[in-house]
Amino acid sequence: MSETDAIDDAALVRVLDGTASPAQARRVAEACAQDPALQAKRDAMSVDIGDIRAGMDAVLLQAPEMTLPQAERTWRPIWQAAAAVLIFAVGLAAGRLLPGDGYGAEADWHQAVADYQVLYTTATLTTSPLPRQMRDAGLSRTAAALGLDLTPERVATSDMTFQRAQILQIDGAPLAQLVYLDANSQPIAFCITRRDGPDTAPVTRQFGRQTARIWQQGGYGFILIGPVAETSLIAATRELSEKIAL
Amino acid sequence: MRVFHAAKVEHATGGKIQLGAKKSDREVRKGLPALMPRLWRYGLVLSGDRAIAQDLAQATALRALERSSQFRPGTRLDHWCFSILSSIWKNDRRAHKVRMGLGQVPAEEAGLVDPAPGADVNILASRVLSLAAQLPEAQREAIFLVYVEGFSYAEAAKRMEIPIGTVMSRLANGRRRLKQTMGEDDV
């Protein structure tokens, strides 16, 4: 049996996937260089998996609204959080979020965001990272819904990496959710919605393990929230409030 | 055609899902809502039908809540739920003796593309679903689990209850079919 004969489909797949050992990858490369038929076989399996992944990310954004079954009262607090996720993440991923369930008052929209944010983990954002094109397109749609000039440059911060933006809805009004990972890969959400009222300086509120910086500016309410210490949010709050000055 | 009936599950539990305060319950309840779009997508890849995919995701959520005590805290909730969804899909298909699959039908004709006008993402989605439609279900599932959901070969083998060698074979054949189809599209 020749060297080429020993290289099977599995070995070629591993090389193309980048999961082959260095020795195996080298052996396949050398064999392909000597055997045009094997090289053609490898080339016939060479597809850009990134394109497939990006397309499937787009499919994810088309997911319909879905509800979970009604639960016993014993788990209602968690169910409310779960409902928040369904309302926000599932529905609005496709831009069709349902109205919230009574989060109307000023304090309650902050609580609604906190309820939602508590369910985010690092894996939520790293499992299916969006390609830049889709990420920027989401930001553009979100900006249009809010009537704000949100560009990748304006939402960028020094210590957090912008991941994605989507349009949510609360009591019939659009709510922008911009999601970041901080330097420690903690998920941070920056949410904006139209709110009447005078401008206010940022203040800190605690929602369980979630720390939030909250302020009002130019007819919009802002909240920056994540499972981090207050000091971790102060610089980002300053950057964002200055860049998005209205 | 909707195959999965959430109401049956709800009826079986008296219309309520009984849950305790165990850690496994909490993890399932906490993680499940964010998983729903991915469950729907997996259902769509398997069934090729948006409505069936939605029913599959809903039925999976119900079963996961019912059986949350069986979930081992700290393990992959997404993998556990994918396993449930696949089981529901295969059992239901077996029961109905229905041969589902996308065959050679373009994604648009199969009702796979969101009819809402618009965004570039719909074009991306349409293209990848059309490509997926060209693959036999076994190859489609292997490609999806490994390359989209990030399963290792071993995890995919466990999920699909097949040897790793068969996973590799399906990936190789799937890659060949995709390459061929993408080449035809370019022409």
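Above this note sits the structure.
Residues numbered from 1 in each chain as written. Chains lettered and ligands numbered in written order. Predicted model: local features only at pLDDT ≥ 70, side-chain atom pairs only at ≥ 80, totals over all residues. Heavy atoms only, no water.

Before going further, it helps to spend a moment on the overall build of chain B. Looking only at helices and strands, chain B has 8 helices and 0 strands in total. Along chain B, from the amino end to the carboxyl end, the secondary structure elements read α-α-α-α-α-α-α-α. Counting only residues that meet the buried cut, chain B has 53% of its 187 residues in that class. A separation of at least 24 residues holds for 70% of the contacts in chain B among residues at least 6 apart in sequence. (Helix = DSSP H or I, 4+ residues; strand = E, 2+ residues; numbered from the N terminus. Buried < 20%, exposed > 50% of the residue type's maximum accessible area, 1.4 Å probe, protein only. Contact = heavy atoms within 4.5 Å.)

This paragraph deals with helix H8 (residues 132-146) of chain A. Since one α-helical turn is 3.6 residues long, residues separated by three or four positions face the same way. Between its terminal C-alpha atoms H8(A) stretches 21 Å, which fits the 21 Å expected from 15 residues at 1.5 Å a residue. For H8(A), every residue scored as buried is listed here: Met134(A), Arg135(A), Gly138(A), Leu139(A), Thr142(A), Ala143(A) and Leu146(A). (Expected span 1.5 Å × (residues − 1).)

Residue and element names in this part refer to chain A. By the criterion of burial, strand E2 (residues 173-182) is predominantly enclosed, with 9 of the 10 residues buried. One ladder, built from 10 bridges, connects strand E1 (residues 160-170) with E2; its direction is antiparallel. Note on E2: the bridge partner recorded for Met160 is Asp182. Bridge count for E2 against strand E3 (residues 187-194) is 7 bridges, and the pairing is antiparallel. When the sheet's bridge partners are listed, Tyr180 is paired in E3 with Ile188. (Pairing = 2+ DSSP bridges.)

Next up on the list: the pattern of salt bridges. On inspection of all chains with the given rule, the structure shows 14 salt bridges over all chains. Lys90(B) is the salt-bridge partner of Glu141(B), the closest N and O atoms lying 4.0 Å from each other. Here Lys90(B) lies in helix H4 (residues 77-96) and Glu141(B) lies in helix H6 (residues 137-148), a separation of 51 residues in the sequence. With a closest N to O distance of 3.7 Å, Glu141(B) and Arg159(B) form a salt bridge. Of the two residues, Glu141(B) is situated in helix H6 and Arg159(B) in helix H7 (residues 153-160); the sequence distance between them amounts to 18 residues. In terms of burial, Glu141(B) and Arg159(B) fall into one category: buried. Linked through salt bridges whose partners overlap, the residues forming this network are Asp57(A), Arg38(B), Arg41(B), Arg76(B), Asp78(B) and Glu149(B). (Salt bridge = Lys/Arg side-chain N within 4 Å of Asp/Glu carboxyl O.)

Sheet strands line up and pair through hydrogen bonds in the backbone, either parallel or antiparallel. Residue and element names in this part refer to chain A. Strand order in the open sheet formed by 6 strands is E1-E2-E3-E6-E5-E4, with antiparallel pairing between adjacent strands. Each having just a single partner strand, E1 and strand E4 (200-207) make up the two edges of the open sheet. Neighbour-to-neighbour, the strand axes of this sheet turn through a mean angle of 20 degrees, independent of strand direction. Both strand E5 (residues 210-217) and strand E6 (residues 220-226) contribute to a ladder of 7 bridges, which runs antiparallel. Note that in E6 the partner of Gln217 across the bridge is Tyr220. The strands touched by H8 are E1, E2, E3 and E6; relative to E1, the strand with the most contacts, the crossing angle is about 40 degrees. Packed onto the sheet, helix H10 (residues 230-243) meets E1, E2, E3, E4, E5 and E6 and runs at close to 25 degrees relative to E5. (Axes fitted to C-alpha atoms, helices over the stretch in contact; angles between N-to-C directions.)

Let's shift gears to the packing of aromatic side chains. The description of an aromatic ring pair uses the distance of the two centres, along with the angle that the planes make with each other. Residues and elements named next belong to chain B. Per the stated rule, a full pass over the model turns up 8 aromatic pairs over all chains. Between the aromatic rings of Tyr42 and Phe82, the centroid separation amounts to 4.7 Å while the plane-to-plane angle is 20 degrees, which identifies the pairing as stacked. Here the residue Tyr42 occupies a position in helix H2 (residues 23-47), and Phe82 occupies one in helix H4, the gap between them amounting to 40 residues. Both residues of the pair, Tyr42 and Phe82, count as buried. (Phe/Tyr/Trp six-rings, centres within 6.5 Å; stacked < 30°, edge-to-face > 60°.)

Before going further, it helps to spend a moment on the packing of helix H4 (residues 49-60) of chain A against H6(B). Interhelical geometry of H4(A) versus H6(B) gives an angle of 95 degrees and a closest axis separation of 10 Å. Taken together, the axis directions place H4(A) and H6(B) in an arrangement best described as roughly perpendicular. Contact with H4(A), carried on its side by Ile49(A), Ile52(A), Arg53(A) and Met56(A), involves Phe144(B), Tyr147(B) and Val148(B) of H6(B) and no other residues of that element. Of the residues assigned to the contact of H4(A) with H6(B), the class counts are 6 nonpolar, no polar and 1 charged. (Parallel < 35°, antiparallel > 145°, perpendicular 65-115°, else oblique. Nonpolar A, V, L, I, M, F, W, Y, C, P; charged D, E, K, R; others polar.)

Looking now at the packing of H2(B) against H6(B). Residues and elements named next belong to chain B. Contact geometry for H2 and H6: axes closest at 9 Å, N-to-C directions at 155 degrees. Classified by the angle between their axes, H2 and H6 sit roughly antiparallel to one another. Crossing angle aside, the handedness with which H2 passes H6 is right-handed. Across the interface between the two elements, Arg41, Tyr42, Val45 and Leu46 from H2 touch Glu137, Arg140, Glu141, Phe144, Leu145 and Val148 from H6. A breakdown of the residues in the contact of H2 with H6 according to their chemical character gives 6 nonpolar, no polar and 4 charged. (Left-handed = near helix turned anticlockwise from the far one by under 90°.)

Attention now goes to empty space enclosed by the protein. If you walk through the whole model with that rule in mind, you get 3 cavities of 30 Å³ or more. Size it by volume and the largest cavity reaches roughly 70 Å³. Surrounding the largest cavity, Ile52(A), Met56(A), Val45(B), Val128(B), Ala132(B), Leu135(B), Arg140(B), Ile143(B), Phe144(B), Val148(B) and Leu178(B) form its lining. Contributions of two or more residues to the lining of the largest cavity are made by H4 of chain A together with helix H5 (120-133) and H6 of chain B. Per-element tally for the lining of the largest cavity: the top contributor is H6(B), with 4 residues. The residue makeup of the lining of the largest cavity, split by class, is 10 nonpolar, no polar and 1 charged. (1 Å grid on protein atoms, 1.4 Å probe; cavity = no way out; pocket = protein on both sides within 12 Å on 5 of 7 lines; lining within 4 Å. Points joined across faces, edges and corners; volume = space filled by probe spheres on them.)

We now examine the nonpolar core. One finds Leu39(B) and Leu171(B) to be the most contacted residues of the largest nonpolar core, which totals 71 residues. Counting residues in hydrophobic clusters, the runner-up holds 24 residues, among them Ala143(A), Leu178(A), Tyr220(A) and Leu233(A). (Core = buried A, V, L, I, M, F, W, Y, C linked by side-chain atoms within 4.5 Å.)

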